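# Survey of secondary and tertiary structure
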Amino acid sequence: MNNQFRNGNDVKSEKNDEKFSSINNSSSNNNSNHTSAATNGETTRQNSIERILQRKQRVYQLPRNQKLAKLAMYSPCQGNQGNCRCTGWKTPEENRHKDVEINYCPNFNEECRNTNCKHGLEMHISHLNNITDEQINELLGAIVDVENLYMSMIREDDDDTKKVYAYLFRLLRQCILTRTQAIIRGPLGDPPFEYPSISKAVTNFVFHKYNHLNQTDFQTMTEVAKTFLHCLNHWNFEAPSVRKDLTHEDASTYKINYTRWLVFCHVPAFCSSLRHFETSLVFGRTLLKAVYQYVSQQLLSKCKTERDRMPPEKRCVLAQLPKFLESLKHEVLNDESVIWDSNFKPTMQMILQRNKRQNEGAMTAALQSNKKLTDAKRHKKESDCEDLSDDLVLRAMKRINDTNYANRAEVVFPVNAPRDEAAKAEESRREIEFHVVGNSLTKPVSKQSMLWLLGLHSVFAHQLPGMPREYISQLVFDPKHKTLALIKEGRPIGGICFRTFATQGFTEIVFCAVTSSEQVKGYGTHLMNHLKDYSTQRGIKHFLTYADEFAIGYFKKQGFSKDIKVARPVYAGYIKEYEGATLMHCELHPSLIYTQFSSVIRKQKEIVKELIAQRQQEVQKAHPGLTCFKEGVRSIPVESIPGLREVGWRPIHRAQRQSRPLEESTDPDKLANALNGVLSAVRLHSSAWPFLKPVNPVEVPDYYDHIKYPMDLKTMGERLKNRYYVSRRLFMADMQRIFTNCRIYNSPDTEYFRCANTLERYYQTRMKEIGLWDK
């Protein structure tokens, strides 16, 4: 295999040595370079990935003929009516030193150097003439990945790692020959491999361990956790042959996880043709426990060496990392730790405490800075928002439940009845039933459940003609999928096939259909409501689904939206994607019972209507007119008018004005002393020189033609001595007149204008310091 590969690519070996040397620092040498991986590995890894991407971009920009020549080296010959065994065009001997990617575009008539082929280049690309540029670029990207894998494989010393590279090399090589997508199948299984994931457990740990901290410290520990997960996602784990400290059983388990990590996490990071998964999202406690001691030691060493080079905002995070790692170590080693419980949820008390701490600082500041506004709003709320008495509500409920209620027909069958009203009535009469059924490979499945699954398969196949029957069978009978079946007269007439990802907190809806003859009866809405209740009871708060153009309307009616509020890393790699379909999301509220939701809302509406009707009967009472004015009374309090309170009028409570330390009602001498202090400070300011005395009309002849009410600091001082300023408002008005006059007479680009602005800011600051400023 290696000889065959090199026959067509010897000309690149020297170039590839340089081009992919960085890959060996990040994708091989797992045996000896882990300290470097902990410190410089991430930079090297990122550099190598960027260089690979740059090379792919150069290949994508080649002329089409050169692209085809590159593809020909990896394409089977079509000569001899497709019976030629040559798997790739070999460069002629005279052109061995030339590179198709740089300076060589071979003639399509040049013969292949393979002695068993001898067909021209054109025979290796005849089947590629009709493919699009996008498909060509996809194949070229896979070729670059194959060459990277080859270079990594021949440089790798560890036998286990080399076998993985060889397997992936053969897989991608075959995918290029057959022009298919690379899919990894086999005994390794499919990600995720363990529940809960490392990411979920670390999140649980932060909430469980640091929930008592204030908001700032809690946010710091959250950043520490993110840093730890980021390092873990980019870590180069040791090869099994290096781990001499493991028992035979642990070594066997670690070898499996190491192989999974290489195949699904490490290699796909630089081979984009393979699907990439984050380590922290697909692995759980088993892998973390096996590598934790070594990883934590290297991270602590990194903290010591790089702390001084980090920016200040990052240093506080690194300072908390040793404490975080030590605390997490106990939870990793503890088999009974709650962070590894797949059903772990923060208690309501934790959530309330967290929300309280998040809002504590902001609310305190708001109350202090806007106390007057808050008081006014509180008075308004107390006066306008009055709770009804329980007796009044009970009378309204008794009234609408009365058999003689005038609007009884509207209550039972309202004009705008919910879509699932008829379906709920049928369910109450036992005419329809709802059952969650699924297949199992480990437990016996009842005959009834299997018959229902077969019936649901027929419903989905008939109502979803665009879906292949084999694909429907694969999902409906998959043990990981379940189906909520709508049973009528003993047979399924509709259902929703779904898969729950408990660790991710969402359910994927795969198929949803109702037999055409039973549609427009509210069954679809009632089905979805039952599924919502089924999910909330199991702690699931999110639905995700891909809807085609005909189903978008239905899902919108069920509360779905195109606005996805779930972070992409939560569902990426889990949910099945469909071309031409739209991803939609529905957020569930754990306190709602969706099958009863419409009834509760309708009952609340009727209670409100009855309360309004009762209030209308009360306010329609006729009160005698006022006669006091005929008797000579000039005015009366508004609240004494009969019937005014009954219609909802309430007196307006004005917020009490807060007293000032130096308000007008206080000692005049104290106020004068405070104002004198402000005036003296303003006079001594460096920007006060234009305003110290009145403007000289000889120097500025037209000044008093424009300024009718002049003012200056000398005049204000004289007025202050003469006790003119009996209130702060008079003082503030004169000071403001100085600045206003200056801006009226002088243009903005003058020194006088700038002095006025500067001095005004200083004056306002001084007034605020002594509590005399309220603007």
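Here the structure is shown first, and the text comes after it.
Summarised in this report is the structure supplied together with it. What you see is a predicted model, and the numbers here were worked out from it, not measured in a lab.

### Examining the overall build of the protein chain
- Counting its secondary structure elements, the protein chain contains 31 helices and six strands.
- When burial is assessed residue by residue, the protein chain has 44% of its 775 residues classed as buried.
- Long-range pairs, those at least 24 residues apart, make up 70% of the contacts in the protein chain with a sequence separation of at least 6.
- Counting only carbon and sulfur atoms, one obtains 50% of the accessible surface of the protein chain, whose full area is about 43800 Å².

### Quick look at the nonpolar core
- Judged by nonpolar contacts, the single largest core of 92 residues is most densely connected at Leu168, Phe228, Phe237, Leu274 and Phe324.
- Counting contributing residues per domain, this core is built from domain 1 (41-178) and domain 2 (198-340), each supplying no fewer than three.
- Excluding residues within four positions of it along the chain, Leu274 makes contact with Leu168, Leu171, Leu172, Ala182, Ile184, Val267 and Pro268.
- Ranked by size, the runner-up nonpolar core spans 28 residues in total, among them Leu456, Leu475, Phe501 and Leu583.

### A word on the pairing of strand 2 (residues 482-488)
- With six of seven residues buried, strand 2 lies mostly within the body of the structure.
- One ladder, built from six bridges, connects strand 1 (residues 432-437) with strand 2; its direction is antiparallel. Note that in strand 2 the partner of Val436 across the bridge is Leu484.
- As defined by bridge partners, strand 2 adjoins strand 3 (residues 491-501) across seven bridges and the pair is classed as antiparallel. Residue pairing in the sheet places Leu484 in a bridge with Ile496 of strand 3.

### A word on unusual backbone geometry
- Each neighbour pair has its own omega, and for Pro191 with Pro192 the value is -5°, a cis peptide bond.
- Mapped onto the elements, Pro192 comes out in the loop between helix 9 (159-178) and helix 10 (198-210).
- In this structure, Pro196 follows Tyr195 across a cis peptide bond, with omega equal to -10°.
- Position of Pro196 among the secondary structure elements: in the loop between helix 9 and helix 10.

### Points about the packing of aromatic side chains
- Within the structure shown, the criterion is met by 30 aromatic pairs.
- For the ring pair Phe228 and Phe324, a centre distance of 6.1 Å and an interplane angle of 55° mean the geometry is tilted. Of the two residues, Phe228 is situated in helix 11 (residues 215-233) and Phe324 in helix 15 (residues 312-333); the sequence distance between them amounts to 96 residues.
- Aromatic pair Phe498 and Tyr534: ring centres 5.8 Å apart, planes at 65°, arrangement edge-to-face. Of the two residues, Phe498 is situated in strand 3 and Tyr534 in helix 23 (residues 523-536); the sequence distance between them amounts to 36 residues.
- Among the residues examined, Phe498 registers a relative accessible area of 2% and is labelled buried.
- The structure contains a cluster of three or more aromatic residues connected by ring pairs, namely Phe205, Tyr210, Phe228, Tyr292 and Phe324.
- Directly above the aromatic system of Tyr254 lies the positively charged group of Arg243, at a separation of 5.1 Å from the ring centroid.
- Taking NZ or CZ as reference, Arg719 lies 4.5 Å from the ring centre of Tyr724, over its face.

Calculation criteria
- Residues numbered from 1 in each chain as written.
- Predicted model: local features only at pLDDT ≥ 70, side-chain atom pairs only at ≥ 80, totals over all residues.
- Heavy atoms only, no water.
- Helix = DSSP H or I, 4+ residues; strand = E, 2+ residues; numbered from the N terminus.
- Buried < 20%, exposed > 50% of the residue type's maximum accessible area, 1.4 Å probe, protein only.
- Contact = heavy atoms within 4.5 Å.
- Areas by Shrake-Rupley, 256 points an atom, 1.4 Å probe, with all protein chains shown as cover.
- Core = buried A, V, L, I, M, F, W, Y, C linked by side-chain atoms within 4.5 Å.
- Domains from an automatic or database assignment.
- Pairing = 2+ DSSP bridges.
- Phe/Tyr/Trp six-rings, centres within 6.5 Å; stacked < 30°, edge-to-face > 60°.
- Lys NZ or Arg CZ within 6 Å of the ring centre and 35° of its normal.

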